[in-house]
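# A structural walkthrough
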Amino acid sequence: MGKIAATSRPPGADPAPRRARGADRENFPVGSVLLPAPLRAPVRAFYDVVRAADDIADDPEMDAADKTARLDAIEAGLRGEHGDARSTRLRHALAECGHAGAERHAIAMLAAFRADIAAQPCKSWADLDAYCRASANPVGRFLLDLHDEPPAARTASDALCTLLQILNHLQDLGEDWRDLGRLYLPADWLAEAGADPRDLARPALTPELRAVVDRMLDACGPLMARADALPGLVRSRRLRAEIRSIETLARRLHAQLSRRDPLAERVAPARADWWRAGLRGGLALLSPGPSMRPA
């Protein structure tokens, strides 16, 4: 698949991404009040860095060379060199809370953003899973490290993060194809269903594309099952509450995508879903659970 044709921007100009959004417009909580107060600032600083990198990779008006240069500047800042100011703020926030070095998880995610610039299609489910290991799983590992959680929680965390990423891809599959030429539906599954990826530009899913979307949602089942173990593996009561909230939203989004057409309409958690997720998180916060230490 070829790269998206784009026009160059003046050096130093801020990107104008097609779907830039702040933390208050995400599908899932970003540094919510469920997390310990001292950790909310580094979580939001981490979010600022990876959101900026994602917006750069997603900007349809910026050429590949400019995108690469901007991602290099972000990485330079994360490595303590002169670079993007957001990266420097993250390093300082992590040092202040005693977790210097956790910026390595943001560095790991840059590999996925660089892959997005190339816009190579996912050939298989395994290919998509490998992409998610770079694009999503470091977020969960960052939060685990920030809360000093044991390595035993990583597998379940990876499953939850991969699940969230795939659901986001299904939400945006038409937009990703039309605006950026990206294809996150496994190419071999498309071929088996007789689906044409060019039909992602249509106003509704074809029966063949619907079959592939449903197959992806079915494949998310084992991910949800593995993610279910995560709350019982973390010791922080507040992180456990955040996870319960996120799980609730993920299950709701999965159910909506099973019934609705993401090409025909925007499929996203409704206000009632957020209230339900917040309630479940609050109940988890009140429950003693497996945590043996204060929040």
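Residues numbered from 1 in each chain as written. Predicted model: local features only at pLDDT ≥ 70, side-chain atom pairs only at ≥ 80, totals over all residues. Heavy atoms only, no water.

Take the overall build of the chain next. When helices and strands are tallied, the chain shows 12 helices and zero strands. Going from the N terminus to the C terminus, the chain shows its helices and strands as α-α-α-α-α-α-α-α-α-α-α-α. Here the chain holds 295 residues, and 52% of them are scored as buried. In the form shown here, the chain has an accessible surface area of approximately 13,200 Å², with 55% of it arising from carbon and sulfur atoms. (Helix = DSSP H or I, 4+ residues; strand = E, 2+ residues; numbered from the N terminus. Buried < 20%, exposed > 50% of the residue type's maximum accessible area, 1.4 Å probe, protein only. Areas by Shrake-Rupley, 256 points an atom, 1.4 Å probe, with all protein chains shown as cover.)

As a further point, take the packing of helix 1 (residues 37-58) against helix 2 (residues 64-78). Two packed helices can be described by the angle between their axes and the distance between those axes. Axis separation between helix 1 and helix 2 bottoms out at 9 Å; the angle between their running directions is 165 degrees. Put simply, helix 1 runs roughly antiparallel to helix 2. Crossing angle aside, the handedness with which helix 1 passes helix 2 is left-handed. Of the residues in helix 2, those in contact with Val49, Ala52, Ala53, Ile56, Ala57 and Asp58 of helix 1 are Lys67, Arg70, Leu71, Ile74 and Leu78. Across the contact of helix 1 with helix 2, the residue classes tally to eight nonpolar, no polar and three charged. (Axes fitted to C-alpha atoms, helices over the stretch in contact; angles between N-to-C directions. Parallel < 35°, antiparallel > 145°, perpendicular 65-115°, else oblique. Left-handed = near helix turned anticlockwise from the far one by under 90°. Contact = heavy atoms within 4.5 Å. Nonpolar A, V, L, I, M, F, W, Y, C, P; charged D, E, K, R; others polar.)

Our next topic: the environment of Trp274. Within the fold, Trp274 resides in helix 12 (residues 271-286). On the basis of relative accessibility, which here comes to 32%, the residue Trp274 falls in the partly exposed class. Considering only alpha carbons, one finds Trp274 and Ile246, 28 residues apart in sequence, at a separation of 9.4 Å.

Soluble globular proteins: nonpolar side chains tend toward being buried together. Within the largest apolar cluster, 72 residues are counted, with the highest numbers of intra-cluster contacts made by Leu170 and Leu185. Ignoring anything within four residues of it in the chain, the contact list for Leu185 reads Cys122, Leu170, Leu173, Leu190, Leu200, Leu209, Val212 and Met216. (Core = buried A, V, L, I, M, F, W, Y, C linked by side-chain atoms within 4.5 Å.)

What follows is about the packing of aromatic side chains. Overall, the coordinates contain three aromatic pairs when judged by the stated rule. Aromatic side chains Trp125 and Trp189 sit 5.4 Å apart centroid to centroid with 10 degrees between the ring planes, which places their arrangement in the stacked category. Of this pair, Trp125 sits in helix 5 (residues 125-135) while Trp189 sits in helix 9 (residues 187-193), placing them 64 residues apart in sequence. A relative accessible area of 22% places Trp125 in the partly exposed class. (Phe/Tyr/Trp six-rings, centres within 6.5 Å; stacked < 30°, edge-to-face > 60°.)

Turning our attention to helix 4 (residues 104-118). Taken together, the buried positions of helix 4 are occupied by His105, Ala106, Ile107, Met109, Leu110, Ala112, Phe113, Asp116 and Ile117. The secondary structure elements touched by the buried residues of helix 4 are helix 1, helix 2, helix 3 (85-96), helix 5 and helix 6 (137-146). Backbone geometry just after helix 4 places Ala119 at a positive phi near 55 degrees.

A separate point is the pattern of salt bridges. Going through the model one piece at a time under the given rule, you end up with 21 salt bridges. Through salt bridges that share partners, Asp72, Glu75, Arg79 and Arg114 make up one connected network. (Salt bridge = Lys/Arg side-chain N within 4 Å of Asp/Glu carboxyl O.)

With that settled, consider the packing of helix 1 against helix 6. Here helix 1 crosses helix 6 at 160 degrees, and the two axes come no closer than 11 Å. As far as their axial angle goes, helix 6 and helix 1 are roughly antiparallel. The element helix 1 and its partner helix 6 pack so that their crossing is right-handed. Facing helix 1, whose interface residues are Leu39, Pro42, Val43 and Phe46, helix 6 presents Pro138, Val139, Phe142, Leu143 and Leu146. Taken together, the residues of the contact of helix 1 with helix 6 break down into nine nonpolar, no polar and no charged.

Now for the state of the cysteines. Tallying each qualifying case throughout the model produces zero disulfides. Cysteine Cys122 remains unbridged, with the sulfur of Cys132 as its closest cysteine sulfur at 7.6 Å. Judged by relative accessible area, Cys122 falls into the buried class, the value being 5%. On the basis of relative accessibility, which here comes to 0%, the residue Cys132 falls in the buried class. (Disulfide = S-S within 2.5 Å.)

The next point concerns the confidence of the model for the chain. Averaged over all residues, the pLDDT of the chain equals 86, while 86% of them reach at least 70. Low pLDDT, under 50, characterises residues 291-295; the predicted model gives this stretch 12 contacts beyond four residues in sequence or across chains. (pLDDT = per-residue confidence, 0-100.)

As a further point, take helix 10 (residues 207-227). End to end, helix 10 covers 30 Å across 21 residues, agreeing with the expected 30 Å (1.5 Å per residue, within 8%). Most pronounced at Gly221, the bend in helix 10 amounts to some 25 degrees, and the proline Pro222 follows within four residues. Taken together, the buried residues of helix 10 touch helix 5, helix 7 (154-171), helix 8 (173-180), helix 9 and helix 11 (237-259). (Expected span 1.5 Å × (residues − 1). Bend = angle between axes of the 7 residues up to and from the residue.)

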